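So you can see what is in the structure, the chains are spelled out below.
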Amino acid sequence: MELRNDRRSAVKKIKTTIFTSKSDVDSFRKKIEKTFYAEFTPNRVERISETIGGVDCDILIPEVYSSDRILLYVHGGSFVGGSRESWKSFCSLIANSTSSKVIVPEFRLAPEHKYPAATDDIAAVFKKLDAEEIIVAGDGSGANIAFSFILGLKETDRQKISKFIMFSPWLDFSEDAEYELPRKLKDSVLSFDDICYASSQYAKTVDIVSYLVSPLKAEKECYDSFPEVYIQAGEDEFLVCQIKALEEKLDSIGVENTVDIVPKMMHMFQMADEYLEEAHFAFERIGKFVNRRDGLSVKEQRERDRLIRENNITVE
């Protein structure tokens, strides 16, 4: 597939997933479904539906996968929108790149169902999973829900999770949250006001200050037996400040982690893979993290990706 870049189209597509104070719930949900609808799953990924723990789920199965691994994915959509249908293509790409069966629950959405409804649904699915290796992943608000779910687990259950993957996680909605724009650029997709407004639909004010809704506030003792963490985000999003704060915290308490900040990319650029060449490389790095292929560090992988781009090499 020939590599190409169309940042304007990418930003337009990704902004569909951001619920703002100007949004109407029904219109927002319909626009996400329309924008991300795909008749077929990519890469010949098989899609089946099953009810797990009382929650309707998609199971996405790539042609080649590890039989003893399951990846539990929590979709984004600002807590208010998104579905297993609209995240079908994105999660199929993850299934293919990580050689994993991916389970995508249809968890309850805000504002009809406030916290902890979504985390309860994810927990119900998790309790029914039976695999030698369980990976948990999520993007944006979904990464927040997944983080909350893991922090709320008993240590014995948390030990069942080998890795936790987050794409552009929403980490802190509290009034004293710290953030700044990377390189003093305007975030073209998301603002702090946006995530705070979405969080107000998701959780009561008294809950927002809790580490189970703003996980950046979690103390050291909350991380006992915490799985290895991988975070991938774009350099041009205001969330980078909070992501780096989480990285420092994880380093200080000894939680193994990898933070992959992709140069010149916006919030959730991976969801616009048809417009951005870097999205393809990003999926590949996630796959290498999960499967520990080729022994390259994230920095070395990014340098290799840069050389491929600059020399106009085609990726399959």
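A short tour of the structure in this document, coming up. (Residues numbered from 1 in each chain as written. Predicted model: local features only at pLDDT ≥ 70, side-chain atom pairs only at ≥ 80, totals over all residues. Heavy atoms only, no water.)

1. Section: the packing of helix H3 (residues 88-98) against helix H10 (residues 277-291)
Relative to each other, H3 and H10 sit at 45°, their axes nearing to 8 Å. Judged by the angle between their axes, H3 and H10 are oblique. The way H3 lies across H10 gives a crossing that is right-handed. Where H3 approaches H10, its residues Phe-90, Leu-93, Ile-94, Ser-97 and Thr-98 are matched on the opposing element by Phe-283, Ile-286, Gly-287, Val-290 and Asn-291. (Axes fitted to C-alpha atoms, helices over the stretch in contact; angles between N-to-C directions. Helix = DSSP H or I, 4+ residues; strand = E, 2+ residues; numbered from the N terminus. Parallel < 35°, antiparallel > 145°, perpendicular 65-115°, else oblique. Left-handed = near helix turned anticlockwise from the far one by under 90°. Contact = heavy atoms within 4.5 Å.)

2. With respect to the packing of aromatic side chains
Applying the stated criterion to the full structure yields 19 aromatic pairs. With 5.8 Å between their ring centres and 50° between their planes, Phe-147 and Phe-226 make a pair best called tilted. In this pair, Phe-147 sits in helix H5 (residues 141-151) while Phe-226 sits in the loop between helix H8 (205-208) and strand E7 (228-234), placing the two residues 79 residues apart along the sequence. The pair formed by Phe-147 and Phe-226 is uniform in burial state, with each residue classed as buried. Members of the aromatic cluster, connected to one another through ring pairs, are Phe-79, Tyr-115, Trp-170, Phe-173 and Tyr-202. In this arrangement the basic side chain of Lys-88 is found over the ring face of Tyr-37, its NZ or CZ atom lying 5.7 Å from the centre. (Phe/Tyr/Trp six-rings, centres within 6.5 Å; stacked < 30°, edge-to-face > 60°. Buried < 20%, exposed > 50% of the residue type's maximum accessible area, 1.4 Å probe, protein only. Lys NZ or Arg CZ within 6 Å of the ring centre and 35° of its normal.)

3. Thoughts on helix H7 (residues 192-202)
Among the residues of H7, those classed as buried are Phe-192, Asp-194, Ile-195, Ala-198, Ser-199, Gln-201 and Tyr-202. Here the buried face of H7 lies against helix H4 (117-127), H5, H8 and helix H9 (240-253).

4. Quick word on the sheet that holds strand E8 (residues 257-262)
Sheet strands pair by backbone hydrogen bonding; their relative direction is either parallel or antiparallel. The strand order across the open sheet formed by 8 strands is E1-E2-E4-E3-E5-E6-E7-E8, and the pairing between neighbours is mixed. Looking at the sheet topology across the chains shown, the edges are occupied by strand E1 (46-52) and E8. Here the average twist between neighbouring strands, direction ignored, is 20°. Where E1 meets strand E2 (residues 55-61), 7 bridges bridge the pair, whose relative direction is antiparallel. Pairing of Thr-51 across the sheet is with Asp-56, part of E2. Packed on one face of the sheet, H10 meets strand E3 (69-74), strand E5 (133-139), strand E6 (161-167), E7 and E8 and runs near 175° to E7. (Pairing = 2+ DSSP bridges.)

5. Considering empty space enclosed by the protein
In this structure the tally under the stated criterion is 1 cavity of 30 Å³ or more. When its volume is computed, the largest cavity comes out at roughly 60 Å³. Forming the walls of the largest cavity are 13 residues, and the residues nearest its centre are Thr-17, Gly-76, Gly-77, Asp-139 and His-267. (1 Å grid on protein atoms, 1.4 Å probe; cavity = no way out; pocket = protein on both sides within 12 Å on 5 of 7 lines; lining within 4 Å. Points joined across faces, edges and corners; volume = space filled by probe spheres on them.)

6. Description of the packing of H4 against H5
With their axes 9 Å apart at the nearest point, H4 and H5 run at an angle of 65° to one another. Crossing geometry of H4 relative to H5 is assigned as right-handed. Taken together, the residues of H5 that come into contact with H4 (itself represented by Ala-118, Thr-119, Ile-122, Ala-123 and Phe-126) are Ile-145, Ser-148 and Phe-149. Here the contact of H4 with H5 is built from residues that sort into 6 nonpolar, 2 polar and no charged. (Nonpolar A, V, L, I, M, F, W, Y, C, P; charged D, E, K, R; others polar.)

7. Observations regarding the layout of surface pockets
Size it by volume and the second largest pocket reaches roughly 450 Å³. Around the second largest pocket, the lining comprises 20 residues; the ones closest to its centre are Lys-12, Lys-13, Lys-15, Thr-16 and Lys-31. Those elements giving two or more residues to the lining of the second largest pocket turn out to be helix H1 (7-15) and helix H2 (25-36). No other element matches the 6 residues that H1 contributes to the lining of the second largest pocket.

8. Re a negative patch on the surface
There is a patch of like negative charges on the surface, built from Glu-155, Glu-219, Glu-221 and Asp-224. One can find Glu-221 in the loop between H8 and E7. You can call Glu-221 exposed: its relative accessible area is 59%. (Patch = residues over 30% accessible without salt bridge, like charges linked within 9 Å, V, L, I, M, F, W, Y side chains within 5 Å. Areas by Shrake-Rupley, 256 points an atom, 1.4 Å probe, with all protein chains shown as cover. Salt bridge = Lys/Arg side-chain N within 4 Å of Asp/Glu carboxyl O. Lys, Arg positive; Asp, Glu negative; His and termini not counted. Charge placed at Lys NZ, Arg CZ, Asp CG, Glu CD.)

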